[in-house]
Amino acid sequence: MEGLLRLYIRKYRSNFLPVSLFLLSLFIIYRIIFPQLTTISRVRQDISGAEARVNDLSTSLATLRSLTDADIEEKFKKVNSALPANKDIVTIFTTMTSVASDTDVEVESFTINVGDVYKKNKDQGEQVPAAVQTVAPALDIQLGVEASSYENVVQFSNKLQNSLPLSEVKSVSAVNNNGQYKISFFYKPYQVEDLEVQKVIQPLSATEQKQLEGL
Amino acid sequence: MRSNINLIERREVADTKVKKILLTSVAFFAVVFLFAGSIIFYTFYLKNSLANLKTKELTIAEDIRHEGGKNNKKVKFLVIRERLSTIEKIKKMRKNINAKLEEIFDILASDIRVESIDATNEKIAIKVSSQNLSEIHSLLEEKLKQYPGKQVEIKRIDLSSFELDPHSHIYSLAIDFDFAKK
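Criteria and thresholds
Residues numbered from 1 in each chain as written. Chains lettered and ligands numbered in written order. Predicted model: local features only at pLDDT ≥ 70, side-chain atom pairs only at ≥ 80, totals over all residues. Heavy atoms only, no water. Helix = DSSP H or I, 4+ residues; strand = E, 2+ residues; numbered from the N terminus. Rg over C-alpha atoms; globule rule 2.2 N^0.38 Å. Contact = heavy atoms within 4.5 Å. Pairing = 2+ DSSP bridges. Axes fitted to C-alpha atoms, helices over the stretch in contact; angles between N-to-C directions. Buried area = accessible area lost by both parts, 1.4 Å probe. Salt bridge = Lys/Arg side-chain N within 4 Å of Asp/Glu carboxyl O. Polar contact = N/O pair within 3.5 Å; in protein donor to acceptor, adjacent residues only side chain to side chain. Nonpolar A, V, L, I, M, F, W, Y, C, P; charged D, E, K, R; others polar. Buried < 20%, exposed > 50% of the residue type's maximum accessible area, 1.4 Å probe, protein only. Phe/Tyr/Trp six-rings, centres within 6.5 Å; stacked < 30°, edge-to-face > 60°. Lys NZ or Arg CZ within 6 Å of the ring centre and 35° of its normal.

## Structural notes on the overall build of chain B
Okay, step 1: What chain B contains, in helices and strands, is 4 helices and 4 strands.
Okay, step 2: From first element to last, N terminus to C terminus, chain B shows the α and β order α-α-α-β-β-α-β-β.
Okay, step 3: Its C-alpha atoms give chain B a radius of gyration of 48 Å, more than 25% over the compact-globule value 16 Å for 182 residues.
Okay, step 4: Here the C-alpha coordinates of chain B stretch approximately 155 × 60 × 20 Å along the principal axes.
Okay, step 5: A separation of at least 24 residues holds for 51% of the contacts in chain B among residues at least 6 apart in sequence.

## Some thoughts on the sheet that holds strand E4 (residues 138-147) of chain A
Okay, step 1: Strand order in this open sheet of 8 strands is E1(A)-E4(A)-E6(A)-E5(A)-E1(B)-E2(B)-E4(B)-E3(B), and the pairing throughout is antiparallel. Edge positions in the sheet fall to strand E1 (105-113) of chain A together with strand E3 (154-165) of chain B, since each of these pairs with one other strand and no more. Strand-to-strand twist in this sheet, taken as the mean axis angle between neighbours without regard to direction, amounts to 20 degrees.
Okay, step 2: In this sheet, strand E6 (residues 178-186) of chain A lies alongside E4(A) in antiparallel orientation, the contact comprising 9 bridges. Bridge pairing in E6(A) links A:Leu143 to A:Tyr181.

## A look at the interface of chain B and chain A
Okay, step 1: At the interface, 64 residues of chain B touch 77 residues of chain A.
Okay, step 2: When the two sides are added together, the surface that chain B and chain A hide from each other amounts to roughly 6800 Å², 72% of it contributed by carbon and sulfur.
Okay, step 3: Taken together, the connections running from chain B to chain A amount to 4 salt bridges.
Okay, step 4: For B:Arg81, the salt bridge goes to A:Glu208, with nearest N and O atoms at 3.0 Å.
Okay, step 5: Applying the counting rule to chain B against chain A returns 23 residue pairs in polar contact (both at pLDDT 80 or more).
Okay, step 6: Elements supplying a minimum of two residues to the side of chain B that touches chain A: helix H1 (7-69), helix H2 (73-93), helix H3 (97-107) and strand E1 (113-120) of chain B.
Okay, step 7: Take the side of chain B that touches chain A: its biggest share by element is 28 residues, from H1(B).
Okay, step 8: Each residue belonging to the side of chain B that touches chain A can be placed in one class, and the counts come to 34 nonpolar, 11 polar and 19 charged.
Okay, step 9: Two elements, strand E5 (residues 167-175) of chain A and E1(B), share 5 bridges in a ladder whose sense is antiparallel. The residue bridging A:Ser173 from the neighbouring strand is B:Asp118, located in E1(B).

## Section: unusual backbone geometry
Glycine aside, residues mostly have negative phi angles, and peptide bonds mostly take the trans form.
Okay, step 1: Residue A:Pro165 follows A:Leu164 across a cis peptide bond; omega there is 5 degrees.
Okay, step 2: Relative to the assigned elements, A:Pro165 resides in the loop between helix H4 (150-161) and E5.
Okay, step 3: Of note, the phi angle at A:Asn177 is positive, near 65 degrees, even though the residue is not glycine.
Okay, step 4: Within the element layout of this structure, A:Asn177 appears in the loop between E5 and E6.
Okay, step 5: Positioned with a positive phi, B:His169 is a non-glycine residue whose angle comes to about 60 degrees.
Okay, step 6: Along the polypeptide, B:His169 turns up in the loop between E3 and strand E4 (170-179).

## Quick notes on H3(B)
Okay, step 1: Within H3(B), the full set of buried residues consists of B:Ile97, B:Asn98, B:Lys100, B:Leu101, B:Ile104, B:Phe105 and B:Ile107.
Okay, step 2: Against the buried residues of H3(B) lie H4 and E5 of chain A together with E1, strand E2 (123-130), helix H4 (133-150) and E4 of chain B.
Okay, step 3: Measuring from the backbone nitrogen of B:Asn98 back to the side-chain oxygen at the start of H3(B) gives 3.2 Å, which picks out B:Asn96 as the cap.

## Structural notes on the side chain of A:Gln161
Okay, step 1: Tracing the backbone shows A:Gln161 in helix H4.
Okay, step 2: Here A:Gln161 falls in the buried class, since its relative accessible area comes to 4%.
Okay, step 3: In this structure the side chain of A:Gln161 is engaged in a polar contact, spanning 2.8 Å, whose partner is the backbone nitrogen of A:Val169.
Okay, step 4: Setting aside its immediate chain neighbours within four residues, A:Gln161 contacts A:Ser167, A:Glu168, A:Val169, B:Arg94, B:Lys95, B:Asn96 and B:Asn98.

## A few points about the pairing of E2(B)
Residues and elements named next belong to chain B.
Okay, step 1: As paired elements, E1 and E2 share 6 bridges and run antiparallel to each other. What sits directly across from Ser116, in E2, is Lys127.
Okay, step 2: Linking two consecutive strands that pair antiparallel, namely E1 and E2, is a turn of 2 residues.
Okay, step 3: Relative to E4, E2 runs antiparallel, the two being bridged by 8 bridges. The residue of E4 that forms the bridge with Lys123 is Asp178.

## Points about the packing of aromatic side chains
Okay, step 1: Enumeration over the complete set of coordinates arrives at 9 aromatic pairs over all chains.
Okay, step 2: Ring plane angle 25 degrees and centroid distance 6.3 Å describe the contact between B:Tyr42 and B:Tyr45, whose orientation is recorded as stacked. With B:Tyr42 and B:Tyr45 both in helix H1 and 3 residues apart, this pair spans about one turn of that helix.
Okay, step 3: On the basis of an interplanar angle of 55 degrees and a centroid distance of 6.1 Å, the ring pair of B:Phe162 and B:Tyr171 is categorised as tilted.
Okay, step 4: Over the ring of A:Phe76 we find B:Lys76, and its NZ or CZ is 5.5 Å from the ring centre.
Okay, step 5: Above the ring of B:Phe179, the side-chain terminus of B:Lys100 is found at 4.7 Å from the ring centroid.

Laid out in structure tokens, this is it:
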């Protein structure tokens, strides 16, 4: 037995090194190369994602740096004059009296439906505001004016709807040059948490600039 | 025993064959080893790049926090954009009674006096009066019939009353305009 073993060892000992090298190569391929290729693929995906995020952040930073404080304040005031954050009754009244003065109309009465009525949600027992506009909530006002003519009644209504803050004339009625209006003035509270979710801050587009200039 | 066997030659052939196998296996191992080394080095390089990118990301995020925090610049800018979008939606959504009223007033002649108006977006009821019967006739027979051509939302025009005051000879009409609901 021992002699047979020695015979086989002597016969095949020259093949020992090549076989070992071959097996070692296979080991390196399966245990190092293949796992590393998977890791490379994963890391490259991560790099791609990180590059995209860095680009987005760079764009946001560039946008913020391009804006001066004065510029931001001016634009901020403009949009808030068009769509206030709350029920700004003083501004609304000032606008109405200003438009009345321009259209030769005198404000006689002014009624505001200020408070929204809270009601319980029947299903969930939660309290929800009763009046919720789909785009923005509105403050409803009833206004009585005295005009010199029907044209002025309509002119007042028209000019008011084209003034700021944004409003919608729901109804106009007039008898003997006395006009009554139902007007909704829009407002929208800030929802900062929802806004800050935005990942990229892009500069205002040409359309948005135009909208701003049109206010 | 075969006569043409050269034992020395066979050994040299055997040695050459073994050498070839050995060289091939060493070459194969060398290639695999070098390839594995390159891949490991490349992986290391990629991970380093990723770490640098993540650092850069954190730095820029911090800069944004700093820049955006000055006078709440970031929040204000986001509010501006959000407001512009809402303003545009409101402008598209809101109705314009005034345009309809102006169109109706345009078709009234100057000596037709408007007595009363009751207008919503869906319905406009006006009461007019005049001493000029021909103008009233023109209004009823021509101008009101042409009106739907100018105002596509009009659904119906009703003459709900027509009166004459025998003392003042003033004709009074009540006209209702029904518009399609949008």
